[in-house]
Amino acid sequence: GLYHGRMTDNLLDTKNWKRIRTNNFTHLAVHRGTLYGVIPGYALLTLNPANGNYTIVAEGKFNTLKATDGKLAAVTQEGKMYLIDSPEKYELIATREGTTGLSYGQDIFWISCPTEGLAGYTLTQGELKQCVAPLHLNAPERNLFFRMFIQHGRLYTCGGGIFLAPYTNPGTIQVMDL
């Protein structure tokens, strides 16, 4: 489910949390003041945290949703990336099928999938163009990324995850200087 609490309340007290949705969410992100969420196998939504009402942005099976460096992107299992400006305005871009990880920084989209590793792409005229060759890391590191983010000129990747295949891989943290 999804719970809402006020930052001014004592959030250690469970009485200060209100359940607003019973659905399970695999991803949540805030972009330009709007809360977005992914219900597995159903849709990408915007949510009103005060009452739990939602609006469908796009239906589909979404693997990832990421707000990073001023951009919000969601990717379906089929490899469609929604680059979102607002709930009503987004750009649909083809990417790799099976994408499980996504991050953006220094004008590069870092996209990972279990079979093709991690690669960097620039967006030019609505099309992703590879600018960094796929990285296929060897043991003990893994190329099965679950989450990614960029901070202070470094790309951080985390392998593993829980509940849904193929996210049941052993936990791994990797860092790459950009």
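Residues numbered from 1 in each chain as written. Predicted model: local features only at pLDDT ≥ 70, side-chain atom pairs only at ≥ 80, totals over all residues. Heavy atoms only, no water.

Trainee: Could you give me a rundown of the sheet that holds strand β13 (residues 117-124), with the residues and numbers involved?
Mentor: Taken in spatial order, the 4 strands of this open sheet run β11-β12-β13-β14, and their pairing is antiparallel. Strands with a single pairing partner mark the edges of an open sheet, and in this sheet they are β11 (101-105) and β14 (127-135). Neighbour-to-neighbour, the strand axes of this sheet turn through a mean angle of 25 degrees, independent of strand direction. In this structure, β11 lies alongside strand β12 (residues 108-113), joined through 5 bridges in antiparallel fashion. Bridging from a neighbouring strand, Leu102 pairs with Ile111 of β12. (Pairing = 2+ DSSP bridges. Helix = DSSP H or I, 4+ residues; strand = E, 2+ residues; numbered from the N terminus. Axes fitted to C-alpha atoms, helices over the stretch in contact; angles between N-to-C directions.)

Trainee: Go over a nonpolar patch on the surface, please, and point to the residues and values.
Mentor: Taken together, Tyr42, Tyr54 and Ile56 make up a surface patch of nonpolar side chains, about 240 Å² in accessible area. Positionally, Tyr42 belongs in the loop between β4 (34-39) and β5 (43-47). (Patch = residues over 30% accessible without salt bridge, like charges linked within 9 Å, V, L, I, M, F, W, Y side chains within 5 Å. Areas by Shrake-Rupley, 256 points an atom, 1.4 Å probe, with all protein chains shown as cover. Salt bridge = Lys/Arg side-chain N within 4 Å of Asp/Glu carboxyl O.)

Trainee: Now, about the side chain of Asn63: what can you tell me, with residues and values included?
Mentor: The residue Asn63 is located in strand β7 (residues 62-68) in this model. Reaching out from Asn63, the side chain makes a polar contact with the backbone oxygen of Thr99 at a distance of 2.8 Å. (Polar contact = N/O pair within 3.5 Å; in protein donor to acceptor, adjacent residues only side chain to side chain.)

Trainee: Could you give an account of the sheet that holds strand β6 (residues 54-59), with specific residues and numbers?
Mentor: Taken in spatial order, the 4 strands line up as β3-β4-β5-β6 in an open sheet, and their pairing is antiparallel. The outermost strands of the open sheet, each flanked by one partner alone, are β3 (27-31) and β6. Strand-to-strand, the axes of this sheet are offset by a mean angle of 25 degrees, without reference to chain direction. Across 5 bridges, β4 lies against β5 in antiparallel orientation. Bridged to Val38 within β5 is Leu44.

Trainee: If you had to explain the pattern of salt bridges to someone new, which residues and values would you point to?
Mentor: Should the charged atoms of two oppositely charged side chains come close, the side chains can pair. Within the structure shown, the criterion is met by 4 salt bridges. As a salt-bridge pair, Arg32 and Asp85 come within 2.3 Å of each other at their nearest N and O atoms. Taken as a pair, Arg32 in the loop between β3 and β4 and Asp85 in strand β9 (residues 80-86) lie far apart in primary sequence, 53 residues in all. Judged by its relative accessible area of 29%, Asp85 falls in the partly exposed class. Connected through shared salt-bridge partners, Arg32, Asp85 and Lys89 make up one network. (Buried < 20%, exposed > 50% of the residue type's maximum accessible area, 1.4 Å probe, protein only.)

Trainee: Please set out the packing of aromatic side chains residue by residue, giving values where relevant.
Mentor: With the rule as written, the count across this model stands at 4 aromatic pairs. Judged by centre distance (5.5 Å) and plane angle (50 degrees), the rings of Phe62 and Tyr82 are tilted. Of this pair, Phe62 sits in strand β7 while Tyr82 sits in strand β9, and the two are 20 residues apart along the sequence. Through a chain of ring-to-ring contacts, three or more aromatic side chains come together here, namely Phe62, Tyr82 and Tyr90. (Phe/Tyr/Trp six-rings, centres within 6.5 Å; stacked < 30°, edge-to-face > 60°.)

Trainee: If you had to explain unusual backbone geometry to someone new, which residues and values would you point to?
Mentor: For Arg32, which is not glycine, the phi torsion reads 50 degrees and is therefore positive. Note on Arg32: relative accessible area 59%, which makes it exposed. Phi at His152 takes a positive value of approximately 55 degrees, unusual for a residue other than glycine. By secondary structure assignment, the location of His152 is in the loop between β15 (145-151) and β16 (154-159).

Trainee: Can you break down the environment of Glu91 residue by residue, with the values?
Mentor: Tracing the backbone through its elements, the reader meets Glu91 in strand β10 (residues 89-94). C-alpha of Glu91 to C-alpha of Ala73: the two residues are 18 residues apart in sequence and 9.5 Å apart in space.

Trainee: With reference to specific residues and values, describe the side chain of His27.
Mentor: Counting through the fold element by element, His27 comes out in strand β3. At a separation of 2.9 Å, a polar atom in the side chain of His27 contacts the side chain of Thr26. Discounting chain neighbours no more than four positions away, the residues touching His27 are Tyr36, Gly37, Val38, Asn63, Thr64, Leu65 and Arg147. (Contact = heavy atoms within 4.5 Å.)

By themselves these figures say nothing about function.
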